[in-house]
Amino acid sequence: MHSKTTLRQGRPSDAPEIAWLIMQAMSEECCRYFHGDDHTADDFHRLMTALVERQDTQYSYINAICAVDGDDRVIGVSVSYDGAQLRRLRQPFIDAVREAFGRDFCSMPEETKAGELYLDSIAVAPDHRGKGIAKELLKATARKAEQCGCGPLALLVDNNNPNAERLYIKVGFRPDGTNSWGGHHMKHLVLG
């Protein structure tokens, strides 16, 4: 990680950047799955920014560890939460998508469960990749898992993203089943 890059807790003022990075982690295709053909990525970004600004959502700034550059600009993010809280934290997303886009995802499969700290999203801005930032965010999130006592760190990785899967395996994640999310088939990985 570059010497001028530091990690800190997310803040409400970081919401636009955190939302953009979450959308990078989701992929353009997954974002379109949620906003549909009648809306744009900008519309989805506005919705995600509003969710990040709140304290009661899975994407909340309070769940975010941010990597920031020397000017305190967010250049990477890791968003994680206690898997036991998924239903409560996901409901604002389901409600917001229904209201904004007229799409209902209330029967979406659960991507996490009690007994794990779920790493919902991790992303680094394209011009800062390859500098070890993702690895540092993963380490910080693993420490968060140890401190919160809700279980090991776990995540889903898209079957079509072998580069991310290699990084996760390299830092100690192991396969632990399969799942689906955002219309994609995923592997469930657990640290340790």
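Preceding block: the structure.
Described below are features of the structure shown in this document. Everything numeric here is computed off the predicted structure, so don't read it as measured data.

Overview of the packing of helix 1 (residues 15–26) against helix 3 (residues 41–53)
Each pair of packed helices gets described by two things: the angle between the helix axes and the distance between those axes. For the pair helix 1 and helix 3, interaxial distance at closest approach is 8 Å and the crossing angle is 120 degrees. In terms of their interaxial angle, helix 1 and helix 3 are classed as oblique. For helix 1 against helix 3, the interelement crossing comes out right-handed. Contacts from A15, P16, I18, A19, W20, I22, M23 and M26 in helix 1 reach A41, F44, H45, M48, T49, V52 and E53 in helix 3. Tallied by class, the residues present in the contact of helix 1 with helix 3 amount to 12 nonpolar, two polar and one charged.

Regarding the pairing of strand 3 (residues 74–82)
Most of strand 3 is tucked away: eight of the nine residues are buried. Pairing geometry for strand 3 and strand 4 (residues 117–124), over seven bridges, is antiparallel. Residue pairing across strands places V77 opposite A123, the latter belonging to strand 4.

Remarks on helix 6 (residues 162–170)
Listed as buried for helix 6 are A164, E165 and Y168. Looking down the long axis of helix 6, one finds its buried residues gathered within 100 degrees of arc, a one-sided arrangement. Exposed and facing more than 90 degrees away from the buried side of helix 6 are N163, R166 and K170. Where the residues of helix 6 are buried, they touch strand 4, helix 5 (133–148), strand 5 (153–158), strand 6 (173–181) and strand 7 (184–191). Just downstream of helix 6, G172 is the residue with a positive phi angle, here 115 degrees.

Examining the sheet that holds strand 1 (residues 6–9)
Overall, mixed pairing links the seven strands, which are arranged 1-2-3-4-5-7-6 in an open sheet. Lying at the two open borders of the sheet, with one neighbouring strand each, are strand 1 and strand 6. Along the sheet, successive strands turn relative to each other by an average axial angle of 30 degrees, direction set aside. With seven bridges joining them, strand 6 and strand 7 adopt antiparallel strand pairing. Residue pairing for strand 7: W181 is matched across the bridge by H184.

Conventions and cut-offs
Residues numbered from 1 in each chain as written. Predicted model: local features only at pLDDT ≥ 70, side-chain atom pairs only at ≥ 80, totals over all residues. Heavy atoms only, no water. Axes fitted to C-alpha atoms, helices over the stretch in contact; angles between N-to-C directions. Helix = DSSP H or I, 4+ residues; strand = E, 2+ residues; numbered from the N terminus. Parallel < 35°, antiparallel > 145°, perpendicular 65-115°, else oblique. Left-handed = near helix turned anticlockwise from the far one by under 90°. Contact = heavy atoms within 4.5 Å. Nonpolar A, V, L, I, M, F, W, Y, C, P; charged D, E, K, R; others polar. Buried < 20%, exposed > 50% of the residue type's maximum accessible area, 1.4 Å probe, protein only. Pairing = 2+ DSSP bridges. Arc of directions from axis to C-beta.

Everything listed is a geometric property; what it means functionally is a separate question.
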